[in-house]
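So you can see what is in the structure, the chains are spelled out below.
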Amino acid sequence: MGWVMMSERELNRVEVLAQVVDGRLTAETAASLLDVTKRQVFRLLRRFREDGPSGIRHKARGRAPNNRFRDAKRDYALGLIRESYGDFGPTLAAEMLAEHHGVKVSRETVRKWMIEDGLWLSRKQRRTFHQPRLRRECYGELIQIDGSDHYWFEDRGPACTLLVFIDDATSTLMHLKFVLSESTFSYFGALETYLTRHGRPVAFYSDKHTVFRVAQQGARTGHGMTQFGRALNELNIEILCANSSQAKGRVERANRTLQDRLVKELRLAGISDLEAGNAFLPGFIERHNMKFAKAPRRVDNLHRALNVEPDRLREILCYRDERYVGNQLAFSYDRRRIILEANEVTRDLPGKYVDSYEFADGRLEFRWKGISLPYCAFDKDQRVTHAAITENKRLGAVLEHIKAEQDKAPPKKRRAGKQRTVYTPTGRRNDGWNTLADRRMKAARAAGQGFDI
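No experiment lies behind these values; they were computed from the predicted model shown.

Definitions and cut-offs
Residues numbered from 1 in each chain as written. Predicted model: local features only at pLDDT ≥ 70, side-chain atom pairs only at ≥ 80, totals over all residues. Heavy atoms only, no water. Pairing = 2+ DSSP bridges. Helix = DSSP H or I, 4+ residues; strand = E, 2+ residues; numbered from the N terminus. Buried < 20%, exposed > 50% of the residue type's maximum accessible area, 1.4 Å probe, protein only. Contact = heavy atoms within 4.5 Å. Polar contact = N/O pair within 3.5 Å; in protein donor to acceptor, adjacent residues only side chain to side chain. Phe/Tyr/Trp six-rings, centres within 6.5 Å; stacked < 30°, edge-to-face > 60°.

**Observations concerning the sheet that holds strand E9 (residues 353–358)**
Pairing is antiparallel across the open sheet formed by four strands, whose spatial order is E6-E9-E10-E11. Lying at the two open borders of the sheet, with one neighbouring strand each, are strand E6 (319–324) and strand E11 (371–372). Pairing geometry for strand E10 (residues 364–368) and E11, over two bridges, is antiparallel. The partner of Trp368 across the bridge, within E11, is Ile371.

Structure below.
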């Protein structure tokens with residue numbers, strides 16, 4: 001007879017019906033076991049006695065379903081998809097077929113057709129696998145850095161960001177610090193502490209946050225590096241940016257562990273603010289490293305001595321730029337008008353560039369060839385730059401600043417009328433066709449009189 005394809009349900013029916021034929025089960029018990037009526041059991045027994053176990057198999061097995069789409073309709077729909085909707089997903093393609101072509105097919109049927117015809121990949125086929133990267137061999141060779149925005153103090157305090165420095169070779173937590181948000185100055189502060197404690201590593205490994213990488217690589221202006229990158233360059237430390245979160249999985253997994261363990265330990269310690277949290281972190285780092293740190297493949301420590309004086313380090317870890325000095329010894333800086341005081345040094349500065357130094361404590365300094373220049377600053381009356389572009393990771397801190405500024409004073413009233421338009425030169429010159437002398441000449445000629453201009 002050969003092989004007969006049967007489902008598990010049908011095999012279970014064959015086993016129960018065989019017991020009924022042998023007299024080991026009654027028809028009533030069989031109906032209860034198969035969850036059918038007693039009359040259905042007698043129908044199945046008749047087919048079982050006449051055709052054997054193959055008679056229990058479903059009669060429609062192997063036959064095309066009655067509601068099957070014709071091949072012509074399938075080919076027509078796939079032809080339309082290839083021609084006009086080749087890059088569409090199944091759901092959108094089904095909507096376009098129904099809306100523009102009157103072909104009503106469910107999205108799952110369209111998905112099956114597109115997968116069979118090679119126009120769409122299933123979720124399993126689209127899945128990508130990231131091969132694990134081996135650890136670096138030496139301690140201090142590569143330090144992964146990242147910021148984790150989370151409710152670290154749960155409902156006891158506002159959300160903040162934890163800056164995480166982890167060694168790639170050993171998974172050792174090198175430094176942790178609670179800050180309001182990921183910003184250049186927050187990373188400067190964490191970096192200063194790291195360099196003081198451990199020295200200079202070979203390289204840092206980060207994501208493509210704008211603190212570490214210039215967003216527009218093809219910009220015509222600028223130096224091609226951020227303030228953080230400029231500081232690391234002066235310290236002879238390399239900065240590398242990962243192309244995906246999986247590439248820096250060591251620090252990503254550390255963030256997930258910290259969001260579980262550190263949050264609970266902060267709760268047990270009753271800590272609910274940044275200052276107390278930062279004081280708690282050194283002890284937590286020591287306990288964490290004793291439990292999770294690995295031994296490096298090589299015993300070499302590639303951290304180098306800092307060899308930079310504290311004052312010089314602060315000048316490196318600050319926001320530095322250049323400003324062009326106008327004829328009035330004035331220039332703009334961060335929505336402020338800076339006017340240099342006139343002295344023997346500043347009198348020769350119009351038309352030249354001066355160096356600006358903005359420190360984390362808000363102190364602002366301008367220098368010319370290392371000489372500090374006296375100045376006075378005038379703030380423009382605007383609390384926040386209107387419609388400023390704000391990064392997602394800094395949105396919380398910016399909103400807190402806006403709330404605090406709004407509580408201080410009401411906004412400055414501005415005119416709501418028509419704004420003054422800016423004149424755009426057309427390139428055409430006035431040849432005097434409508435001047436007063438020209439109009440007088442035309443009037444005299446019309447009156448038939450000579451006129452001497």
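**What about the environment of Lys352?**
Along the chain, Lys352 falls in the loop between strand E8 (336–340) and E9. What makes Lys352 partly exposed here is its relative accessible area of 34%. Along the chain, Lys352 and Trp368 lie 16 residues apart, while their C-alpha atoms are 9.5 Å from each other. What Lys352 contacts, discounting residues up to four positions off in sequence, is Arg323, Tyr324, Val325 and Trp368. Only 3.3 Å separates the side chain of Lys352 from the backbone oxygen of Asp348, close enough to count as a polar contact.

**Quick look at the packing of aromatic side chains**
For the coordinates displayed, the defined rule picks out 17 aromatic pairs. Considering the side-chain rings of Phe165 and Tyr194, the 5.6 Å spacing of their centres and the 25 degrees angle between planes classify their relative orientation as stacked. One end of the pair, Phe165, is in strand E2 (residues 160–167); the other, Tyr194, is in helix H8 (residues 184–198), with 29 residues separating them in the sequence. Accessibility expressed as a relative area gives 0% for Phe165, which makes it buried. On the basis of an interplanar angle of 70 degrees and a centroid distance of 6.2 Å, the ring pair of Phe185 and Phe188 is categorised as edge-to-face. Of the two residues, Phe185 and Phe188 both sit in helix H8, three residues apart, roughly one turn of that helix. On the basis of relative accessibility, which here comes to 25%, the residue Phe185 falls in the partly exposed class. These aromatic residues form a ring-pair network of at least three members: Phe185, Tyr187, Phe188, Phe212 and Phe228.

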